[in-house]
Amino acid sequence: MSKLSRRDFLKLVGTASIMASLDWATLIRKAFAEVQNGTISLIWFESQDCAGDTTSLIQATDPDIIQVLAGLTQIAPPGAVILPYHETVMPEWGPAAVAHLALALGGVYDPYVLILEGAIPPDSSISGIDGTDLLCYIADKATVMEALDKLEMVLEGKLKPDYLLPVLDVVKAINPETYKTLLDRVAAKKDEIIKNTKECLRDLGDEDVISCARWYACLMKRAAAVVTFGNCASYGGIVGNTVAFVYGGNKDLYDTYNSKYSGGYASNFVEKWHKQGWALSPSGGVGFFPDPIRGYKGFAKILYEKGGWFREAAAPFVRFIEKVEKGDKSYMNVKPGQPGIRPAIAVPGCPSNGNAQLKTLANLILWVKGILPLPELDKYWRPKFIFGPTVHEQCPRAAWYAAGVMRKYPGEPTAACLFGVGCKGPISNCPYNKVGWVNGVGGPTRTGGVCIGCTMPGFMDAYEPFYKPLPAPVPPKSTGTVAAIVGAAIVGAAAAYGIGQLHKREVSKSK
Ligand code: SF4
Ligand code: SF4
């Protein structure tokens, strides 16, 4: 198998201009054409989410997800990439749905990339706070046990495979060979499926629900890589908003919520779990990665600090996260299956863009196959080939910014710069005002809406109110060209200074 050299790949994806380059499509097609043998699975787990990132996936055009899964393009041959578990789109429900999680735990879907959509809240086994399992759960133990029983019936020929695993019918139609291989694996790994699933539910009673946090910890144990889609899954997003619970914030609102209507919810629950690193929000949900702006350490590190089997599951990803945090580029040399370290990549946004999701997955799938290296990431674990430049650096309204001409109120019918009505483009990395949201159409600032910073840690807390301008002096009033340019330069410099201060303040507040 011929391989792309790191040099060639980096040359291709190492610059922001690749987003608009036709070379991307050519390269990715060639590279995927090399994925001829074997199957890679995508396990898409939704926790506290709104399914906005799933909607984005469906809107991907370059290529679209159906083309990838059905092998309808040159990008992936039929059956090379399968999506056996996705809560919103899979046809199964109840025991049939969780059966796929059991198969994943048993190794049937190896190698798999674990995709997380939505924030992860505390559960009782990690936080020690009773009742937190109910913040987010998928099924109860009895349902999973029923799934294991039915699986045995399938293997004994008492139940047709498609009764329990209808999603595999899709695989059968696309590639009968892949289908057969998967069924053979189910039979071969029966003991491992049962053992690993029971181990995952070890301390739960039959009536107990299985928290999202627990499923996630269990699935992390075998995942070849983790990728987070959306701001919630990456840094906590809207779910991690401090809302009424800000200490020193709106005290009346806090007191009202806490005692008058909610029986001490904030002091009994939120303050307790926040001390452990969960969000200061009504559901406590955090992202997989740390949020340095709000001071959340993130799910992977919380899990690691808990110790025991949680630490074991989190350790390879925490090592990777810390390397990126320290700017240690050796993370790019991590190989698939390397003991002790596995990649975790963030594709934030609210929602994340569908093409960004597929491009990141494409890179990861090819990495799993040993064809491509990992992408270079920025300090917030995002692929630089997508999130390198700021919105501001590539904004269609940049000329107006340079001329110091700003909108005076939201919706003002001009093409002027949106800085004055709260645009957070100067402090946000995102390419979609340049390349468009779907098929080159839409995207922030182009359409007249301000950038709200949804690809950044700290979102939404640090970027609200959305229509409040960043701290910077008002541009000087002048119609003269030279004066306007000087004015714009002053605005730019002052904005940069103000933004720096804002971030410094937020970061030091969070320490
Ligand atoms: S990041 Fe936005 S789109 Fe994605 S789950 Fe959260 S709220 Fe929904
Ligand atoms: S402030 Fe916003 S609208 Fe103005 S140029 Fe920058 S990104 Fe574009």
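Below you will find a few notes about this structure.

So, about the site of ligand 2. Around ligand 2 lies a shell of 14 residues, among which H392, C395, C417, C423 and G425 are the nearest. Residue classes in the shell around ligand 2 are distributed as ten nonpolar, three polar and one charged.

With 13 residues, helix α10 (residues 176–188) should cover 18 Å at 1.5 Å per step; its first-to-last C-alpha distance of 18 Å lies within 8% of that length. Residues of α10 that are buried: T178, Y179, L182 and V186. Take α10 and look down its axis: the buried residues cluster within an arc of 100°, on one side only. Residues P176, K180, D184 and A187 are exposed on α10 and point more than 90 degrees away from its buried face.

With that out of the way, let us pick up the environment of L364. Considering the arrangement of structural elements, one finds L364 in helix α18 (residues 354–368). Take L364: there are 25 C-beta atoms within 10 Å of it, and that puts it in the buried class. Counting along the chain gives 139 residues from L364 to A225, while the straight-line C-alpha distance between them is 7.7 Å. With sequence-adjacent residues up to four places away left out, L364 is seen in contact with V113, A225, V227 and I345.

Another aspect to go through is the site of ligand 1. If you check the shell around ligand 1, you find 13 residues, and the closest are G52, G230, C232, C350 and P351. Within the residue set of the shell around ligand 1, elements represented by two or more residues are α3 (52–59) and α13 (231–235). Split into classes, the residues belonging to the shell around ligand 1 amount to five nonpolar, five polar and three charged.

Of all hydrophobic cores here, the largest spans 134 residues; its most connected members are I43, V113 and L114. Among residues more than four places away in sequence, those in contact with I43 are P84, Y85, A104, Y109, Y112, L114, I115 and L219.

A few words on the environment of C50. Relative to the elements of secondary structure, C50 occurs in the loop between β1 (40–46) and α3. C50 sits in the partly exposed class, given 17 other C-beta atoms within 10 Å.

Given 3.6 residues to a turn, an α-helix orients residues that are three or four positions apart in the same direction. Here α18 spans 21 Å end to end across 15 residues, near enough to the 21 Å set by a 1.5 Å rise per residue. In terms of burial, α18 is largely enclosed, as 15 of its 15 residues are buried. Once α18 finishes, G370 follows within two positions and takes phi at roughly 75°, a positive value.

So, about unusual backbone geometry. In this structure, P351 follows C350 across a cis peptide bond, with omega equal to 5°. Mapped onto the fold, P351 is located in the loop between β7 (344–347) and α18. In this structure, the amide linkage connecting F459 to the following residue, M460, adopts the cis form with an omega of 10°. Inspection of the secondary structure assignment puts M460 in the loop between α21 (432–435) and α22 (481–510). Positive phi values are uncommon outside glycine, yet A51 reaches one of about 65°. Topologically, A51 is positioned in the loop between β1 and α3. You can call A51 partly exposed: it has 17 C-beta atoms within 10 Å. Phi is positive for N439, close to 55°, though the residue is something other than glycine. Residue placement: N439 occurs in the loop between α21 and α22. Given 11 C-beta atoms within 10 Å, N439 falls into the exposed group.

How each quantity is defined
Residues numbered from 1 in each chain as written. Chains lettered and ligands numbered in written order. Predicted model: local features only at pLDDT ≥ 70, side-chain atom pairs only at ≥ 80, totals over all residues. Near = placed C-beta within 6 Å. Nonpolar A, V, L, I, M, F, W, Y, C, P; charged D, E, K, R; others polar. Helix = DSSP H or I, 4+ residues; strand = E, 2+ residues; numbered from the N terminus. Expected span 1.5 Å × (residues − 1). Buried ≥ 20, exposed ≤ 12 C-beta atoms within 10 Å, placed from the backbone. Arc of directions from axis to C-beta. Contact = placed C-beta atoms within 7 Å. Core = buried A, V, L, I, M, F, W, Y, C linked by C-beta atoms within 7 Å.

That is the geometry; function is a separate question.
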